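Each chain is listed here by its residues.
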Amino acid sequence: MDSGRKMVQKRVKRVILSGCEAAAEGAIRAGCRFYAGYPITPQNRFPEYMSERMPEEGGIFIQAESEVSAINMVFGAAVAGIRAMTSSSSPGISLKQEGISYLAGCELPAVIINMNRGGPGLGDVTPSQSDYFQSTRGGGHGDYRTITLAPWNVQEIYDLTYLAFNLADRYRNPALILADGMIAQMLESVKLLPGQKKLPKKRWALTGCKGRRPNSIKSLFLTPGVLETHNWKIASKYQKIIENEQMYNTYMCDDMDILLVSFGTCARICFEAATLARAEGIKAGLFRPITLWPYPSEPLRMAAEKAKKILVVEMNCGQMIDDVKLAVGNNIHIFFYGRPGGGVPTPEEILKEIKRI
Amino acid sequence: MQKKERYLYRKPESLTDNITIYCPGCGHGIIHRIIAEVIDELGIREKTIGIAPVGCAVLAYDYFNFDVTEAAHGRPPAVATGIKRCLPDRIVFTYQGDGDLAAIGTAEIIHAAARGENITVIFVNNGVYGMTKGQMAPTTLLGQKTTTTTKGRDPHQHGYPIRVCELLATIEGASYIERTKIDSVPDIIKTKRAIKKGFTYQIENKGFSLIEVLSPCPTNWKKSPSESLEWIKTEMASFFPPGVYKDKGAQG
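Residues numbered from 1 in each chain as written. Chains lettered and ligands numbered in written order. Predicted model: local features only at pLDDT ≥ 70, side-chain atom pairs only at ≥ 80, totals over all residues.

Engineer: Explain the overall build of chain B to me, please; I cannot follow it from the model alone.
Structural biologist: Looking only at helices and strands, one finds 10 helices and nine strands in chain B. For 252 residues, the compact-globule estimate of 2.2 N^0.38 gives 18 Å, and chain B sits close to it at 18 Å. Each of the three principal axes of chain B carries a C-alpha extent, and together these read 65 × 40 × 35 Å. Long-range contacts, defined as pairs at least 24 residues apart, comprise 68% of the intrachain contacts of chain B with a sequence gap of at least 6. (Helix = DSSP H or I, 4+ residues; strand = E, 2+ residues; numbered from the N terminus. Rg over C-alpha atoms; globule rule 2.2 N^0.38 Å. Contact = placed C-beta atoms within 7 Å.)

Engineer: Could you clarify how one ought to interpret the overall build of chain A in this entry?
Structural biologist: Of the regular secondary structure elements, chain A holds 13 helices and 15 strands. Taken against the 2.2 N^0.38 rule, which gives 21 Å for 357 residues, the C-alpha radius of gyration of chain A at 20 Å falls within 12% of a compact globule. In terms of overall dimensions, chain A has a C-alpha envelope of 70 × 55 × 40 Å along the principal axes.

Engineer: What should I look at first to understand the interface of chain A and chain B in this one?
Structural biologist: Accessible area lost when the parts come together is the quantity often used to give the size of an interface. Opposite the 31 residues of chain A that make contact, chain B presents 28 residues. Summarising the sheet, strand β9 (residues 216-217) of chain A and strand β2 (residues 67-69) of chain B pair through two bridges and their orientation is parallel. Bridging from a neighbouring strand, Ile217 of chain A pairs with Thr69 of chain B of β2 of chain B. (Pairing = 2+ DSSP bridges.)

Engineer: Before we go on, may I ask you to explain the domain arrangement of chain A in this structure?
Structural biologist: All names here are of chain A. Partitioning chain A into domains gives domain 1 (3-191) and domain 2 (248-356). In this complex, domain 1 contributes 26 residues to the contact, which on the side of domain 2 involves 21 residues. Contributions of two or more residues to the side of domain 1 that touches domain 2 are made by α6 (132-136), β6 (147-149), β7 (174-180) and α8 (181-185). Counting residues per element, the side of domain 1 that touches domain 2 draws most heavily on α6, which supplies four residues. Its residues assigned to classes, the side of domain 1 that touches domain 2 comprises 12 nonpolar, 11 polar and three charged. (Domains from an automatic or database assignment. Nonpolar A, V, L, I, M, F, W, Y, C, P; charged D, E, K, R; others polar.)

Engineer: Quick question: what am I supposed to make of helix α10 (residues 264-279) of chain A here?
Structural biologist: Given 3.6 residues per turn, any residue in an α-helix points the same way as the ones three and four places further on. With 16 residues, α10 of chain A extends 23 Å from end C-alpha to end C-alpha; this agrees with the ideal 22 Å at 1.5 Å per step. Those residues of α10 of chain A not exposed but buried are Gly264, Thr265, Cys266, Ala267, Arg268, Ile269, Cys270, Phe271, Ala273, Ala274 and Ala277 of chain A. (Expected span 1.5 Å × (residues − 1). Buried ≥ 20, exposed ≤ 12 C-beta atoms within 10 Å, placed from the backbone.)

Engineer: Explain the packing of helix α1 (residues 28-42) of chain B against helix α8 (residues 185-203) of chain B to me, please; I cannot follow it from the model alone.
Structural biologist: In a pair of packed helices, the angle between the axes and the distance between the axes together describe the arrangement. Residue and element names in this part refer to chain B. Two elements in contact, α1 and α8, have axes whose closest approach is 9 Å; the angle formed by their N-to-C orientations is 45°. Between α1 and α8, the crossing angle belongs to the class labelled oblique. Both α1 and α8 take part in a crossing whose hand is right-handed. Counted together, Ile30, Ile34, Ile35, Glu37, Val38 and Leu42 of α1 and Ile188, Thr191, Lys192, Ile195, Lys196, Phe199 and Ile203 of α8 form the full contact between these two elements. Taken together, the residues of the contact of α1 with α8 break down into nine nonpolar, one polar and three charged. (Axes fitted to C-alpha atoms, helices over the stretch in contact; angles between N-to-C directions. Parallel < 35°, antiparallel > 145°, perpendicular 65-115°, else oblique. Left-handed = near helix turned anticlockwise from the far one by under 90°.)

Engineer: Help me understand the sheet that holds strand β11 (residues 258-261) of chain A, please; the structure alone is not making it clear to me.
Structural biologist: Each strand in a sheet pairs with another by means of backbone hydrogen bonds, the pair being arranged parallel or else antiparallel. All names here are of chain A. Taken in spatial order, the five strands of this open sheet run β10-β12-β11-β14-β15, and their pairing is mixed. What marks the edges here is a single partner per strand, and that holds for β10 (248-251) and β15 (333-338). Averaged over neighbouring strand pairs, the angle between their axes works out to 20° when direction is ignored. Contacts from helix α13 (residues 347-356) reach β11, β12 (284-289), β14 (309-314) and β15, with the element oriented near 155° to β14.

Engineer: Got a minute to help me understand the sheet that holds strand β3 (residues 91-97) of chain B in this structure?
Structural biologist: Strand order in this open sheet of eight strands is β9(A)-β2(B)-β1(B)-β3(B)-β4(B)-β8(B)-β7(B)-β9(B), and the pairing throughout is mixed. Edge positions in the sheet fall to β9 of chain A together with β9 (243-247) of chain B, since each has one partner strand and no second. With seven bridges connecting them, strand β7 (residues 174-181) of chain B and strand β8 (residues 208-214) of chain B associate as parallel partners. In the sheet register, Glu178 of chain B faces β8 of chain B, and the bridge partner there is Ile211 of chain B.

Engineer: Please explain the pairing of β14 of chain A as it appears in this structure.
Structural biologist: Note on strand geometry: in a regular strand, side chains alternate between the two faces of the sheet. All names here are of chain A. Of all six residues in β14, five are buried; the element is thus mostly enclosed. With four bridges connecting them, β11 and β14 associate as parallel partners. Across the sheet, residue Leu259 finds its bridge partner in β14, namely Ile310. Note: β14 against β15, six bridges, orientation parallel. Counted as the bridge partner of Val313 is Tyr337 from β15.

Engineer: Please explain unusual backbone geometry as it appears in this structure.
Structural biologist: Most peptide bonds take the trans form, and the phi angle of most residues other than glycine is negative. Residue and element names in this part refer to chain A. A cis amide bond, omega 0°, links Gly119 with the succeeding residue Pro120. The residue Pro120 is located in the loop between β5 (110-116) and α6 in this model. One non-glycine residue, Glu107, lies in the positive phi region at around 55°. Mapped onto the fold, Glu107 is located in the loop between α5 (90-105) and β5. Classification of Glu107 as buried rests on a count of 20 C-beta atoms within 10 Å.

Right under this line is the structure:
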């Protein structure tokens, strides 16, 4: 597993990395200089990689005593104006929700990676998409949203992690990467981006008040009406994110009867299923949201106009399907195929479902 | 030549002009002032970053005239770790109550000490949850009446109070641990000396320090301010004896 790391050091432009390593390297090249985490399968390679790479770049790696502590250390680093992140998997992400809510309330940028595993509870360690609601609806307490990016291969987890830091800084809001154990542990070729040299200035950061008035960072607003104003201010920021940051891809959608809608690992399997369907003369296409929040509703509605039926495929009991319904309305038949609890569908399985509907 | 004015006593630069929300007889005002005086005297106001707790001192950023952040309940040592590791030449301190530090944030304080984080912790022990109107705290004395122990704290039902200094003194990574009280002028002076030592240790990169201050909460103790000071002297100090529990600096 260390070979990827050695190649990265030699400044090779294309390397073989696991999803964990790619995301970690993408973070470092985006200027992340603080990582705190806690071991949990299937993302253990992430803190291991960071423990070696961070000191090489003059950054900080801390193995925290808990998930709660890890996210609060990230909060501290963000307060200090440093690009910071943590990574975990579902049960750990639940514990981090307190900190994510505070980050959102205090308008602090940070990146959180969730290598989604089967739940609820301790669940299992196999790939799952069961944390879609948690990721896209806020996750913790309070009226807030987190930018959520869903990669479907190792290259994309690298690129999206890099991007997540820029989005988090631009909007002063936490950004999540929602992947799974499949992407976390799979080895693929990755084209590396050059390191980000110029990072945005953060005048709001706490660095000591030399030459300026003291700064404070808070999410507490006790004076009547002030919190309401604060919430509306955050909401208008979310509106800007919705307008500017939607990302998606369409495949084989120009001439299509059945539109598959799927994200992440599952979308990759759906791409294979659609290709198999095409070989059999069934006109299948694929719509893949890359940002799960903001959800690319309008592009999906437009893609769906050409379709006769929609098949939503998820590795859960049906969560993103709610957003599909909100986007396309009731004018078209929407079918669902899901595999919860760590089940991963095969392309043949999905092809069978395409034929059934 | 004009003779320069010399102040014998004035408001420290490290305090703002804001009026605090604290009740009459509360200890927070005294402890805030001690911290502000120490920061002024050490000339570190412009490079200090404070971490306010959840509890009565939650609005500390309104009272301190330097950079202060909020933190989730119990998490100031983790937040301080993040700040101090990123900005090692700044002075970082947490200000925490007994519920914050010794109940919901027990893991955070123990592990910040174990890592030997170069931070200063001001631990205000008044034996109750003040802001939520006086429930039992991890430091509530046996027999002490609170809103959740109306017949007095019973060890069989409510367990025993935690002695934080004694606990943290066993941790290798901790450098300086002292407990003081503020029920008399000499004790307030001792407290200031201890807090100054804690900040000085951080400036000298000597590592983790914690100063526990036994502090009055007349409102929730249902006592007058003067009765409260007497209660610290007679009751609290006998279960939580003041003193230096660890001092790596003194050991050489």
